[in-house]
Amino acid sequence: MDDIPTGRSVDIELGGQEVITVDLDNLDPNPTDVLDLLKEGNCKIWVWTKLAGEYWRRGYLDAAERIATIAVESFQNNGLSASLPPIYSLLANIQLAYARKAPKLIMPDAQQDVLSEKSKEEYYREAAQYLNTGERVSAESGEGVSGSLAFLTRGIQQLATRSMDDAMRSFEGVLSEKPTNIVALLGKARILYARRNYKESLKIFQDVLKYNPNCTPDPRVGIGLCLWALDQKAKAKAAWQRSLEVNPGEWSAQLLLGLESINLSKTSHLSEAEKAQSFVAGTKMIEKAFKVNNRNASAANALCELFLRKGSHSRALKLAERTIQFADTLTVLTEGYLRAGRVSHVSNMLDQGRKFYTIAVEGQPKNIVGAIGLAQMQMLLDELPAAIHTLDTLIQSPNPQRSVEATVMLASLRAFPRPSVSSQDMAQEKVRARELFDRVTKGLEIDSVSESGKQRKLTLGIADDVEMHIEIARLWQEDNLDRMGKALKEAMKVNQTSGEANPQLVNNVGVLHHLEGNFKEARSMYEGALISATTLPTDSAEGLSTTVLYNLARVYEDEGEETLAKDAYEKLLSRHPEYIDAKIRLAQMYITMNRVQDAHDILKQALSSQSQQLNLRAYYTYFLIHTGSSKNAKEFVYSTLKDVERHDIYALCASGWLMYHQARENRDVTQKGVDERKKNFIRSAELYEKALSLDSSCAFAAQGLAIATAEDTLGTMNGALSRTPGPDEAQKRLQNAREALDIFLKVRESMSDGSVYFNIGHCYYARDEFDRAIESYETASTRFYNGQNVSVLLCLCRSWYSKALKDQSYPAMKSALKYAQAALHIHPNDKAIVYNIAMIQQKSAELLFSINVNKRSLKDLQSAIDSATHAQKVFASLAADKSQVVPYDRDIAGHRRKYGESMLRKADEHIANQARHEDEMHARVEAARKRRLEEKERNEAVERQRAEEARAQAEQLAEERRVAREQALEWTREVKMDSDDEKERRPKKQKKQKTDAPSGDEGEPKKKRRGKLKKASSDVDEDQAMFSEEEDAEKPAKKRPSKKRVVRDDDEEETAGHPRKKHFKSKEMLSDTDEEMS
């Protein structure tokens, strides 16, 4: 408000002649006495509003509201309600004044800035009610709604509630009557600024300053804002500085100058000392502004950033909540939520941080900081698909944002292998990640040098991210070694630019290559890291050298350099005799070399010194199981659970597997044997369940329970443990497979192992979903077993075989045979596989015999019959096998041979039918081909005839043109000769013309001759137009001789004197050429 002048008072008349003067400069904060005087004196409405306004000016807003409220009661009791509209306008303005300091929203879950007061919306609602009441009272009194006060109050209320169009109309209504109304001008300027019409807004703010230089709120602040928006930042700063000089206690100019100083400290052209000075000055000004108005969201937002950098998280959170609750614009509100999310992130309150970031992104979906923060929260909460979606939404259309950080994050997430993603989808994800990284690297190349020639800090920071380059290398390692090498070289280059050797980085990159199977590169890097490690301090060098040497031994082992690997492990053990991992790997090498006893001795030696080492005990359990000592393994793992660690997850899972294996291999069909099997199955399930209770993410235990569910080991084992299987066993089997499949799919998300996909394939096969089973088996075989796992190959064979029988598909049967032969190639002595191959070959012939001739070919039929004939020999050999134990039934093999003999008796008939069918089809095709060929020949003959006719016409036309051209040339020569003759005869004509004047009759033939010549020349032109451009080029340049005028001697003489008259030649002077051309 305006400054309050001194020496003012109001006289209140009480009854008769008593007058009491109220000094407006010394008002009592408690308005009780003043109210008594006002009621006793039955003062007019302007006295009430005058005193209430004075209390408001002094800052006693509650007292002003009390006076206005009692005025309403007093005038209503006295029946003078018609005088109340000014009071209602005053009450509405008081509510708007309250609203300016009230929160926009109140956070119900605020932790630091807890508020319990009315919001702006409630005050706005009450202000609207007062305005409506005032308008209603005015209408009832017959005066209507009029006056600047009502329009201004309504305009201010509409502006506060963001009803810009209505507010503009209200202010325009006031300005139409009084163009210099300060309040209306300020309101209109604010609306224009909000609409981004900065030039018009600036003009109005300047007009306000001209009309009232001491106006508050200071129009200089608005002038500065408009100038800043118009990119006149120096003038804007000067306006704010002048505002601060005029009004030192106002907070708005201080806040804006403080923000300007902080922004200035971020520019690159200042020195570090100047940047620090500017930052400190800006911070102090913002603190002063916040002390004056601690409910300003912008000041709270700026201070929140300061305290967040200082690590004062509680104060930063309070200021962020203050920003959220008092923000009037979406931008400031979003900033408040972002800073609250950052504070929560730093304080490890992940759920709360995700909530804040989510609200910020919902308000501004393309906010880069909000999207990155939300993605970070989702990553920390293990919600990787959600994080990918968040970043993808940010950089994709519509309105894609160019953010290098977000692009790098998204590429890294897409490149990260997720167990729930299939191999095909993962390949697509890698392609997308490569595209994103390519976009980043291209952007870094473009932005590497700024206009001033210096690298940008942001670009430099991302370009120096070693992990990013390593990740790019990992993406290209399987497809493009050059791109991979380029990325690794870039990572090493970044490392070398630091000026210090980093053998840890080299070792880690080597490990990356090692895990991906690039043993040569890994070996080179390990050796380089081992040499570089010698330059480190002794304490660090010893530990790193030990790690690198172990990794080098591992890569020797993987490369097949058994001697080098053995020497490396022994050297490592000579320096660190108790290096358990080295002993375990050395034992594994002995096992590979079939030196099982040596491996056993090393493991025993290790156990004697470190019997409590759980990794060692786990490997020893594995060793006993894979060397066929299941009984010893069972005793050892029970010892681990009993004496060492009863909650060891590996021991529990190994024990569960041993119990399950023992129960499954039990062939005792007596009741006692069945009961024993059930007991072991139950015990196995209990052990797996206990492992899961200790570690809910133990995928091995979950997979064990899923297998038990699929095989119904806790029930009747799909009827195997029941002597009288029920009629619903098939339905129960499908249900068990579905339940087990759900578990396997969840296990796949946490464990990327071939056994998971193998078991998923089993479940799909049990549900007769052969295509999905094949897909799962293929994933297991190609991704994890390199096509060398016989069990997986046989399951693929079984799935293709079942699919072939179901779909009556010979190609599927061929696929089954292919996988069976691949398994036999790995295990050539496995008679079960030989039996399966013979069975598939026989079934192939049977399948082709049963299908229609249209769905088979003679080649496939002959091949199937040959394979079936070979199968007969195999079945005969298998049936005659005298081995004690064979993995098949000899009687069934003999029956299959006999069945094959009877089936192959019809082979010749099928071949004949197929050959006849294919001959007929071939004949039909050949006849159709001949018809097409004949039609083609006829068409070609017609085309040739047309071409010949066109050629003949072209020759005829060319001949006609040639004749016409020769004739035209002849005419041209004749005309030229006539012209020469005329020149020779011209002197005689001139002499005759001087003595004898020509008569009019003699001119007629001349005209006729000229016309004939002109006509002849036009005919020549028409003939010449028929020729091509090349022919025209061969002709003389003079095309129309008839149009050229020959200047005679008499023409020249007459032209010198006076205009030449027309002369006509007598008819007897015409040449023979004229008669020929007529």
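This structure is a prediction, so every number in the text was calculated from the model and none was measured.

Cut-off values and rules
- Along each chain, numbering runs from 1 in the same order as the chain's sequence is written.
- Residue-level local features of this predicted model are given only where pLDDT is at least 70; pairs of side-chain atoms are given and counted only at 80 or more, and the full residue set underlies all totals for whole chains, interfaces and linings.
- Computation of side-chain values: all heavy atoms of the structure, hydrogens and water removed.
- Like-charged residues are merged into a patch within 9 Å and nonpolar side chains (Val, Leu, Ile, Met, Phe, Trp, Tyr) within 5 Å, provided each residue has over 30% relative accessible area and no salt bridge.
- Using the Shrake-Rupley algorithm and a 1.4 Å probe, accessible areas are obtained, with residue cover drawn only from the displayed protein chains.
- For this document, the term salt bridge refers to a Lys or Arg side-chain nitrogen within 4 Å of an Asp or Glu carboxyl oxygen.
- We score Asp and Glu as negative and Lys and Arg as positive, and we do not count His or the chain ends.
- Charge positions come from single atoms, namely NZ of Lys, CZ of Arg, CG of Asp or CD of Glu.
- Secondary structure elements follow DSSP: runs of H or I of four or more residues count as helices, runs of E of two or more count as strands, with numbering from the N terminus.
- To sort residues, take the accessible area from a 1.4 Å probe on protein chains only and compare it with the maximum for the residue type: under 20% means buried, over 50% means exposed, and anything in between is partly exposed.
- Nine residue types can take part in a nonpolar core, namely buried Ala, Val, Leu, Ile, Met, Phe, Trp, Tyr and Cys, and a core is a set of them joined through side-chain atoms within 4.5 Å.
- Between two residues, a contact is recorded if the distance between any of their heavy atoms is within 4.5 Å.
- UniProt positions are given in the numbering used here, feature names are shortened, and annotations may be inferred rather than shown by experiment.
- Note on scores: pLDDT gives the predictor's confidence for each residue, bounded by 0 and 100.
- Think of it this way: a Phe, Tyr or Trp ring, Trp meaning its six-membered ring, pairs with another when their centres are within 6.5 Å, and the plane angle makes it stacked under 30 degrees, edge-to-face over 60, tilted otherwise.
- Working rule: Lys NZ or Arg CZ, within 6 Å of ring centre, within 35 degrees of ring normal, means a charge sits over the ring.
- Angles run from 0 to 180 degrees between N-to-C directions of axes, and those axes are lines fitted to C-alpha atoms, restricted for helices to the stretch in contact.
- Oblique is the label for every angle not falling under 35 degrees (roughly parallel), over 145 degrees (roughly antiparallel), or within 65 to 115 degrees (roughly perpendicular).
- Rotating anticlockwise by less than a right angle from the far helix to the near helix defines a left-handed crossing, while the corresponding clockwise rotation defines a right-handed one.
- In this classification, Asp, Glu, Lys and Arg are treated as charged, Ala, Val, Leu, Ile, Met, Phe, Trp, Tyr, Cys and Pro as nonpolar, and every other residue, Gly included, as polar.
- By this rule the span expected of a helix is its residue count minus one, scaled by 1.5 Å.
- Note that the arc is computed from the directions linking the helix axis to the C-beta atoms.

Visitor: Residue-level account of a negative patch on the surface, with values.
Guide: Taken together, the side chains of E18, D28, D33, D36 and E40 present a region of like negative charge at the surface. With three residues, the single largest contributor to the negative patch is helix α1 (residues 32-40). Structurally, the position occupied by D33 is in helix α1. Take D33: its relative accessible area is 51%, and that puts it in the exposed class.

Visitor: Quick one: what's the story with the nonpolar core, residue by residue and with numbers?
Guide: Core analysis: the largest hydrophobic core is formed by 91 residues, its most contacted members being L391, M468 and Y569. With near-sequence residues (within four places) excluded, L391 lies in contact with A371, I372, A375, A406, M409, L410 and L413. Within the second largest apolar cluster, 61 residues are counted, among which are I774, W800, A864 and Y888.

Visitor: Break down the UniProt feature "repeat: TPR" (unreviewed entry) in the protein chain for me, with residues and values.
Guide: Mapped onto this numbering, the UniProt entry gives "repeat: TPR" (unreviewed entry) at residues 182-215, 546-579 and 754-787. For residues 546-579, the end-to-end C-alpha separation is 10 Å, with 82% helix and 0% strand making up the annotated structure. When the span residues 754-787 is considered, its composition is 82% helix and 0% strand, and the gap between its end C-alpha atoms is 11 Å.

Visitor: I'd like to hear about the confidence of the model for the protein chain, residue by residue, with values.
Guide: Across the protein chain, pLDDT averages 81, with 86% of residues at or above 70. In the predicted structure, residues 1-7 sits below a pLDDT of 50 and forms 14 contacts with residues beyond four places in sequence or in another chain. Within the model, pLDDT remains below 50 along residues 988-1078, and this stretch shows 66 contacts once partners closer than five positions in the same chain are excluded.

Visitor: Requested: an account of unusual backbone geometry, with residues and values cited.
Guide: With an omega of 5 degrees, the peptide bond running from T216 to P217 counts as cis. You can see P217 is positioned in the loop between α9 (198-211) and α10 (219-229). A cis amide bond links S397 with the next residue in sequence, P398, at an omega value of 0 degrees. Residue placement: P398 occurs in the loop between α19 (384-395) and α20 (404-415). Phi is positive for D231, close to 65 degrees, though the residue is something other than glycine. Tracing the chain through its elements places D231 in the loop between α10 and α11 (233-246). What makes D231 exposed here is its relative accessible area of 56%. The backbone of N348 sits at a positive phi, close to 65 degrees, despite the residue not being glycine. Position of N348 among the secondary structure elements: in the loop between α16 (330-346) and α17 (350-363).

Visitor: An account of the packing of aromatic side chains is requested, with residue identities and associated values reported.
Guide: As enumerated under the stated definition, the model contains 17 aromatic pairs in all. Centroid distance Y765 to F770: 5.5 Å. Interplanar angle 55 degrees. Geometry classified as tilted. Residues Y835 and Y888 carry aromatic rings whose centres are separated by 5.7 Å and whose planes lie at 10 degrees to one another, so their mutual orientation is stacked. Of this pair, Y835 sits in helix α41 (residues 831-850) while Y888 sits in the loop between α42 (858-879) and α43 (890-904), placing them 53 residues apart in sequence. In this structure, Y835 and Y888 share a single accessibility class: buried. Through successive ring pairs, a cluster of aromatic residues spans Y550, Y569 and Y579. The ring of Y765 is capped by R798, whose NZ or CZ atom sits 3.9 Å from the centre of that ring.

Visitor: Residues and numbers for the packing of helix α39 (residues 790-807) against helix α40 (residues 810-826), please.
Guide: Between α39 and α40, whose axes approach to 7 Å, the crossing angle comes to 160 degrees. The orientation of α39 relative to α40 falls into the category roughly antiparallel. When the axes of α39 and α40 are compared, the crossing they make is left-handed. Between α39, through V790, L793, L794, L796, C797, W800, Y801, K803, A804 and L805, and α40, the contact on the second element is made entirely by A812, M813, S815, A816, Y819, A820, A822, A823 and I826. Grouping the amino acids of the contact of α39 with α40 by side-chain chemistry returns 17 nonpolar, one polar and one charged.

Visitor: I'd like a description of the pattern of salt bridges, backed by residues and values.
Guide: Inspection of every chain in the model, using the stated rule, returns 50 salt bridges. The residue R154 makes a salt bridge to E135 at a minimum N-O spacing of 2.9 Å. Pair noted here: R154 is in helix α6 (residues 148-160) and E135 is in helix α5 (residues 120-140), with a separation of 19 residues, a long-range link. A relative accessible area of 14% places R154 in the buried class. The salt bridge partner of R554 is E557, with a shortest N-O separation of 4.0 Å. You can see R554 and its partner E557 sitting in helix α27 (residues 538-559), three residues apart, about one turn around the helix. Judged by relative accessible area, R554 falls into the partly exposed class, the value being 24%. Salt bridges here are not isolated pairs; linked through shared partners, they connect E305, R309, E335, R339 and R342.

Visitor: Any chance you could break down helix α34 (residues 671-694) for me, citing the residues and the numbers?
Guide: Note: α-helices contain 3.6 residues per turn, so residues at a spacing of three or four share the same orientation. Between its first and last C-alpha, α34 extends 35 Å over 24 residues, near the 34 Å set by a 1.5 Å rise per residue. Three or more residues of α34 are buried, namely G673, V674, R677, N680, F681, S684, A685, L687, Y688 and A691. On the buried face of α34, the contacting elements are α33 (649-664) and α35 (699-710).

Visitor: Which residues make up the environment of A415, and what are the values?
Guide: Secondary-structure assignment places A415 in helix α20. Judged by its relative accessible area of 10%, A415 falls in the buried class. Sequence-wise, A415 and R432 are 17 residues apart; in three dimensions their C-alpha atoms are separated by 8.3 Å. Not counting the four nearest positions on each side in its chain, A415 is found in contact with M426, A433, E471 and L475.

Visitor: Give me helix α7 (residues 164-177): which residues, what numbers.
Guide: Compared with an ideal rise of 1.5 Å per residue, which puts 14 residues at 20 Å, α7 spans 20 Å between its outermost C-alpha atoms and is within 8% of the ideal. Within α7, burial applies to M164, A167, M168, S170, F171, V174 and L175. On an axial view of α7, the arc spanned by its buried residues comes to 165 degrees, and they lie on one face. Residues of α7 that are exposed and angled more than 90 degrees away from the buried face: R169, S176 and E177. Turning to α7, the residues buried within the fold contact α6 and α8 (182-194).

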